[in-house]
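Notes for the structure review
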Amino acid sequence: MEAKRVIPFLLCLLTLSCCTPKKGAVVVEQPNVSVPAFDADSAYDYVSAQVAFGPRVTGSEAHKVCGDWLVAKLKSFGAEVTEQTADLKAYNGDRLPMRNIIGSYNTATNKRVVLCSHWDSRPWADNDPDVKNHRTPIDGANDGASGVGVLMEIARQLQRQQPTIGVDIIFFDAEDYGMHSDELDYADNSWCLGSQYWARHPHKADYMARFGILLDMVGAPGARFCQERYSRRYAGSIVDKVWQTAHTLGFGSYFPLTAGNYVTDDHLPLNEKGRIPTIDIIPYDDAYGFGEHWHTVKDNMEWIDRATLRAAGQTVLHVIYNEK
Ligand SMILES: [Zn+2]
């Protein structure tokens, strides 16, 4: 994903007035709904397992083996698994054998929610302070594996206790093969190729969902998931629901009630093409950007904190089980 620079303060003032989370926006806690406890150790192990395969660059051997593991794991958690494959071309002409992986629960109902994350990792550490690393693939522990790890643990819980609604867990491919923003002819749509493909060709004809939640980089210690601006624009009530749920659960420090930035990420094709109001849980703000480890060779397991995985995972579980 890539972030757009905006005129911070003035625009903040303007937008803050319209996009500050509405104090007291009510979270509808369904009475007597027991929500499973998210196991952060288990989520951590799923993150570590992905990293152990090596960089999951689309088209690489590690990508193939990790993809097979994701499919087998989802099946073992009782999901109905669909794989979407296509031969795509990256902005630099590289051939990309794309593989989107979908795990569906409670397929009988059309009251559905999408939970998604990208599972590929970036082929270049092009944000590394040492330019010698700029052609080195990253481990993508936080950028890729963390979101998948949280969703894998959620899948495990969905098998153990079925929610009322239907859930589609989507692992998008080829999110992180885009152009660096310094490139002269920079193009936003060079990123998120798997979600762009899915939004044009959903895994089920005429597929529709109530809303979607994208998780991207949800593992770093002390992460601050400011409210991403496209999420506010396209799905403000879902942002309020999720942020208020997090505050109710005591995860307010991870989900500050402050506006972040506009981030080009997999939620955009779902909103703009798929017409599914989708938010992005991603740590970004003007001070720290995506974090010093972003798109560097340092994005490894040292940057994965169980407390952050829990804050994101338990919050999403609560939203899912309280949805009727
Ligand atoms: Zn990335």
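Residues numbered from 1 in each chain as written. Predicted model: local features only at pLDDT ≥ 70, side-chain atom pairs only at ≥ 80, totals over all residues. Heavy atoms only, no water.

This paragraph deals with the overall build of the protein chain. A count of helical and extended segments in the protein chain gives eight helices and eight strands. Here the protein chain holds 324 residues, and 61% of them are scored as buried. Looking at the protein chain alone, contacts between residues at least 24 apart form 81% of all its contacts between residues at least 6 apart. Approximately 12,700 Å² of the protein chain is accessible, and the part contributed by carbon and sulfur atoms is 53%. (Helix = DSSP H or I, 4+ residues; strand = E, 2+ residues; numbered from the N terminus. Buried < 20%, exposed > 50% of the residue type's maximum accessible area, 1.4 Å probe, protein only. Contact = heavy atoms within 4.5 Å. Areas by Shrake-Rupley, 256 points an atom, 1.4 Å probe, with all protein chains shown as cover.)

This paragraph deals with the coordination of the zinc ion. Here the zinc ion is held by the protein donor atoms Asp143 (OD), Asp176 (OD), Asp176 (OD) and His295 (NE2), which lie 1.9 to 2.5 Å from it. Each of the four donor atoms bound to the zinc ion contributes to angles spanning 56 to 154 degrees, and the resulting shape is irregular. Summarised as a motif, the one-chain spacing of the donors to the zinc ion is D-x32-D-x118-H. Here the residue aspartate 176 occupies a position in the loop between strand 5 (166-172) and helix 5 (193-200), and histidine 295 occupies one in the loop between strand 8 (278-281) and helix 8 (306-321), the gap between them amounting to 119 residues. (Donors = N, O, S within 2.8 Å, 3.2 Å for Na, K, Ca; no water. Tetrahedral: all angles 85-135°; square planar, octahedral: opposite > 155°, others 65-115°.)

Our focus in this paragraph is the pairing of strand 8. Regular strands show a simple pattern: their side chains alternate between the two faces of the sheet. The alternating pattern of strand 8 places Thr278 and Asp280 on one face and Ile279 and Ile281 on the opposite face, and all of these are buried. Judged from the four bridges that link them, strand 6 (residues 211-215) and strand 8 form a sheet pairing that is parallel. Residue pairing in the sheet places leucine 214 in a bridge with aspartate 280 of strand 8. (Pairing = 2+ DSSP bridges.)

Before going further, it helps to spend a moment on the layout of surface pockets. Each pocket or cavity is described by its volume, and for the largest pocket that value is around 250 Å³. Lining the largest pocket we find 16 residues, and of these Gly222, Ala223, Tyr288, Phe290 and Gly291 sit closest to its centre. Residues belonging to the lining of the largest pocket are distributed by class as follows: eight nonpolar, five polar and three charged. (1 Å grid on protein atoms, 1.4 Å probe; cavity = no way out; pocket = protein on both sides within 12 Å on 5 of 7 lines; lining within 4 Å. Points joined across faces, edges and corners; volume = space filled by probe spheres on them. Nonpolar A, V, L, I, M, F, W, Y, C, P; charged D, E, K, R; others polar.)

Before going further, it helps to examine the pattern of salt bridges. A complete count under the given rule lists 15 salt bridges for this structure. Between aspartate 168 and arginine 112 there is a salt bridge, with its nearest N and O atoms 2.7 Å apart. A residue pair is termed long-range when its members are at least 10 positions apart, and aspartate 168 in strand 5 and arginine 112 in strand 4 (residues 112-118) qualify at 56 residues. The class of arginine 112 is buried, set by a relative accessible area of 7%. (Salt bridge = Lys/Arg side-chain N within 4 Å of Asp/Glu carboxyl O.)

What follows covers unusual backbone geometry. Positive phi outside glycine occurs at alanine 174, with the angle close to 55 degrees. Its location among the elements puts alanine 174 in the loop between strand 5 and helix 5. At histidine 295, a residue that is not glycine, the phi angle is positive and equals roughly 55 degrees.

Moving on, we come to the packing of helix 2 (residues 40-52) against helix 3 (residues 61-76). Their axes nearest at 10 Å, the elements helix 2 and helix 3 cross at an angle of 150 degrees. Taken together, the axes of helix 2 and helix 3 lie roughly antiparallel to each other. Where helix 2 crosses over helix 3, the handedness of that crossing is right-handed. In contact with Tyr46, Ala49 and Gln50 of helix 2, helix 3 contributes Cys66, Trp69 and Lys73. Looking at the contact of helix 2 with helix 3 residue by residue, the class counts come to four nonpolar, one polar and one charged. (Axes fitted to C-alpha atoms, helices over the stretch in contact; angles between N-to-C directions. Parallel < 35°, antiparallel > 145°, perpendicular 65-115°, else oblique. Left-handed = near helix turned anticlockwise from the far one by under 90°.)

Further remarks concern the pairing of strand 6. With five of its five residues buried, strand 6 lies for the most part within the structure. Note that strand 4 and strand 6 share four bridges and pair parallel. Residue pairing for strand 6: cysteine 116 is matched across the bridge by leucine 214.

Looking now at the nonpolar core. With 60 residues, the main nonpolar core has Leu115, Phe171, Ile213 and Ile281 as its most contacted residues. Not counting chain neighbours up to four residues away, the residues in contact with isoleucine 213 comprise Val114, Leu115, Cys116, Val242, Thr278, Ile279, Ile281, Val316 and Val319. (Core = buried A, V, L, I, M, F, W, Y, C linked by side-chain atoms within 4.5 Å.)

What follows deals with the confidence of the model for the protein chain. Detailed reading of predicted coordinates is not advised where the pLDDT is low. Of the residues in the protein chain, 90% have a pLDDT of 70 or more, and the chain-wide mean is 91. Counting interchain partners and residues more than four positions distant, the pLDDT-below-50 stretch residues 4-28 has 38 contacts. (pLDDT = per-residue confidence, 0-100.)

In space, the six strands of this open sheet follow the order 2-3-5-4-6-8, with mixed pairing throughout. Two strands in the sheet have a free side with no partner beyond their single neighbour: strand 2 (80-89) and strand 8. Across the sheet, the axes of successive neighbouring strands diverge by a mean angle of 20 degrees, strand direction being ignored. Where strand 4 lies against strand 5, seven bridges are found, and the strand directions are parallel. If you follow valine 114 over to strand 5, its bridge partner there is aspartate 168. Helix 6 (residues 229-248) contacts strand 6 and strand 8 of the sheet and is inclined by roughly 65 degrees relative to strand 8. The sheet contacts of helix 8 involve strand 4, strand 5, strand 6 and strand 8, and relative to strand 6 the element is tilted by about 170 degrees.

When the terminal C-alpha atoms of helix 2 are compared, their 18 Å separation across 13 residues agrees well with the 18 Å that a helix rising 1.5 Å per residue should span. Of all the residues in helix 2, the buried ones are Ala40, Ser42, Ala43, Tyr44, Tyr46, Val47, Gln50 and Val51. Where helix 2 is buried, its residues touch helix 3, helix 4 (141-160) and helix 8. The opening residue of helix 2, the one whose side-chain oxygen lies 2.9 Å from the backbone nitrogen of aspartate 41, is aspartate 39. Positive backbone phi, approximately 100 degrees, marks glycine 54, located one or two places after helix 2. (Expected span 1.5 Å × (residues − 1). Polar contact = N/O pair within 3.5 Å; in protein donor to acceptor, adjacent residues only side chain to side chain.)

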